[in-house]
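Structural overview for review
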Amino acid sequence: MINIEDKIVLVTGSTDGIGKLTATQLAQAGATVLLHGRDREKCAAVAKEITKRTGSSKLRTYLADFSSLAEVRRMAEEIRNQESRLDILINNAGIGSGKLSNKKRALSKDGHELRFAVNYLAPVLLTQLLLPAVRAAAPARIVNVASIGQKQINLNNVMLDHGYDPFEAYKQSKLALIMYTFELAQQLKADRITVNCVHPGSLLNTKMVRESIPFGFGSPKSGADVLFHLACAAELDQVTGQYFDKKQPAQADIQAYNSDFRRKLWAYTENLIAQ
């Protein structure tokens, strides 16, 4: 494991589930942990809980609702103003497929399909805005939480105006994040910044999973162990542009390896996040 006692780490979606457990592990190891959530009181309570568990007081909280790109921009500006650098960025925040009984297509505050907005557009925008802070910390790492559930993207129906299904929307958003990982890794090779994505485990017993099915099957702790590994394992120092299934390199959907399509998706994405 790399020495992370002097590292600053942002874990998005760190008030619940594997994000919270990952933040706890990082604090236990001595890192300065930047917690992110939507609710001020909950963020404060989680920070207090992690301090009690680990003895660490090196915790700071940042607020943003990822269904609003304006809030993502505001949070990124706050982080840039308050943190000298960012050694590790873990893009963990996201939403699942929702309740089985609710098949209604939902939109973000910007009018985008909700899962594509929260699971893809928000972390992409946040990452792009925080790149100066990440570059300042190089060698640095970016870890994107993807999924083994992936759906190929039709650029003529990205927002799923036709044939909407929440499960398909979730899987599409995660494949888009994998494609962004591959593109960004190529762009940052010369900057000593590694960019990888990971499926932390299937049907982990988290609130997000339990919203869709009655109960989860896997331990959230196992998912947090995976994220901690991607963030801190010394053997991954030079590994970039890789999709992992838990701790093992794996193959994503074949569309992710189509460089022409990735560039088209990136152009489409830039237009959305620039608005």
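Details of the structure are given in the entry above.
What this report covers is the structure whose coordinates are included nearby. (Residues numbered from 1 in each chain as written. Predicted model: local features only at pLDDT ≥ 70, side-chain atom pairs only at ≥ 80, totals over all residues. Heavy atoms only, no water.)

Quick notes on the nonpolar core
- Core analysis: the biggest nonpolar cluster contains 57 residues, and Phe66, Leu86, Tyr120, Ile142 and Ile178 have the highest contact counts within it.
- For this core, the elements supplying multiple residues, two or more each, are strand S1 (8–11), helix H3 (69–82), helix H4 (114–137), strand S5 (140–145), helix H5 (166–187), strand S6 (193–199) and helix H8 (259–273).
- When residues of this core are assigned to their parent elements, the largest contribution, 15 residues, is made by H4.
- Ignoring sequence-local partners within four residues, the contact set of isoleucine 178 consists of Ala146, Ser147, Gln150, Cys197, Tyr243, Ala252 and Ala256.
- Formed by 29 residues, the second largest nonpolar core is a distinct cluster that contains Ala31, Ile50, Leu227 and Ala231. (Core = buried A, V, L, I, M, F, W, Y, C linked by side-chain atoms within 4.5 Å. Buried < 20%, exposed > 50% of the residue type's maximum accessible area, 1.4 Å probe, protein only. Helix = DSSP H or I, 4+ residues; strand = E, 2+ residues; numbered from the N terminus. Contact = heavy atoms within 4.5 Å.)

As for the pairing of strand S3 (residues 59–63)
- Summarising the sheet, strand S2 (residues 32–37) and S3 pair through five bridges and their orientation is parallel. Paired with histidine 36 across the two strands is tyrosine 62, which belongs to S3.
- Taking the sense of rotation as the criterion, the β-α-β connection linking S2, helix H2 (residues 40–54) and S3 turns out right-handed. (Pairing = 2+ DSSP bridges. Right-handed = clockwise from strand over helix to strand, strands pointing away.)

As for helix H7 (residues 220–232)
- Relative to the 18 Å expected for 13 residues at 1.5 Å per residue, H7 spans 18 Å between its end C-alpha atoms, a close match to the ideal helical length.
- With ten of 13 residues buried, H7 is to be regarded as a mostly interior element.
- Listing the buried residues of H7 in full gives Pro220, Gly223, Ala224, Val226, Leu227, Phe228, His229, Leu230, Ala231 and Cys232.
- The inward-facing, buried residues of H7 contact helix H1 (17–28), strand S4 (88–91), S5, S6 and strand S7 (243–245). (Expected span 1.5 Å × (residues − 1).)

A few points about the packing of H1 against H7
- In the contact formed by H1 and H7, the axes pass within 8 Å of each other and the chain directions differ by 50 degrees. Regarding the angle of H1 to H7, the classification is oblique. Viewed along their axes, H1 and H7 form a crossing whose handedness is right-handed. Along the contact surface, H1 presents Ile18, Leu21, Thr22, Gln25 and Leu26, while H7 presents Pro220, Lys221, Gly223, Ala224, Asp225, Leu227, Phe228 and Cys232.
- For the contact of H1 with H7, the class distribution of residues is eight nonpolar, three polar and two charged. (Axes fitted to C-alpha atoms, helices over the stretch in contact; angles between N-to-C directions. Parallel < 35°, antiparallel > 145°, perpendicular 65-115°, else oblique. Left-handed = near helix turned anticlockwise from the far one by under 90°. Nonpolar A, V, L, I, M, F, W, Y, C, P; charged D, E, K, R; others polar.)

What to know about the packing of aromatic side chains
- For the coordinates displayed, the defined rule picks out three aromatic pairs.
- Both rings, one in phenylalanine 182 and one in tyrosine 257, keep their centres 5.3 Å apart while their planes meet at 35 degrees; by these two values the pair is tilted. A residue pair is termed long-range when its members are at least 10 positions apart, and phenylalanine 182 in helix H5 and tyrosine 257 in the loop between strand S8 (248–250) and H8 qualify at 75 residues.
- The buried category is assigned to phenylalanine 182, whose relative accessible area is 7%. (Phe/Tyr/Trp six-rings, centres within 6.5 Å; stacked < 30°, edge-to-face > 60°.)

Observations concerning the pattern of salt bridges
- According to the stated counting rule, one finds 16 salt bridges in the structure shown.
- For the salt bridge of arginine 135 with aspartate 191, the shortest nitrogen-to-oxygen distance reads 3.1 Å. Here the residue arginine 135 occupies a position in helix H4, and aspartate 191 occupies one in the loop between H5 and S6, the gap between them amounting to 56 residues.
- On the basis of relative accessible area, aspartate 191 is assigned to the partly exposed category, the value being 26%.
- Taken together, the shared-partner salt bridges connect Lys20, Glu49 and Arg53 into one network. (Salt bridge = Lys/Arg side-chain N within 4 Å of Asp/Glu carboxyl O.)

Some thoughts on the sheet that holds S1
- Spatially, the eight strands line up as an open sheet ordered S3-S2-S1-S4-S5-S6-S7-S8, and their pairing is mixed. A strand with exactly one partner marks an edge of an open sheet, and here the two such strands are S3 and S8. Going across the sheet, the axis of each strand differs from the next one's by a mean of 25 degrees, ignoring polarity.
- The pairing of S7 with S8 spans three bridges and is classified as antiparallel. Residue aspartate 245 lies in a different strand from S8, and its bridge partner there is glutamine 248.

Considerations on the side chain of serine 67
- Mapped onto the elements of the fold, serine 67 is located in the loop between S3 and H3.
- In terms of polar contacts, serine 67 uses its side chain to reach the side chain of aspartate 65, at 2.9 Å.
- For serine 67, the contacting residues outside a window of four places in its chain are Ser108, Lys109, Asp110, Leu114 and Val118. (Polar contact = N/O pair within 3.5 Å; in protein donor to acceptor, adjacent residues only side chain to side chain.)

Observations regarding the pairing of S5
- A large share of S5 lies buried, amounting to six of its six residues.
- Neither face of S5 is open: one carries Ala140, Ile142 and Asn144, the other Arg141, Val143 and Val145, and all of them are buried.
- Two strands pair when backbone bridges link them, and S4 and S5 are joined in this way by four bridges, in the parallel orientation. Pairing of isoleucine 90 across the sheet is with valine 143, part of S5.
- In this structure, S5 lies alongside S6, joined through six bridges in parallel fashion. Opposite valine 143, over in S6, you have asparagine 196 as the bridge partner.
- The β-α-β motif built from S5, the intervening H5 and the parallel element S6 has right-handed crossover chirality.

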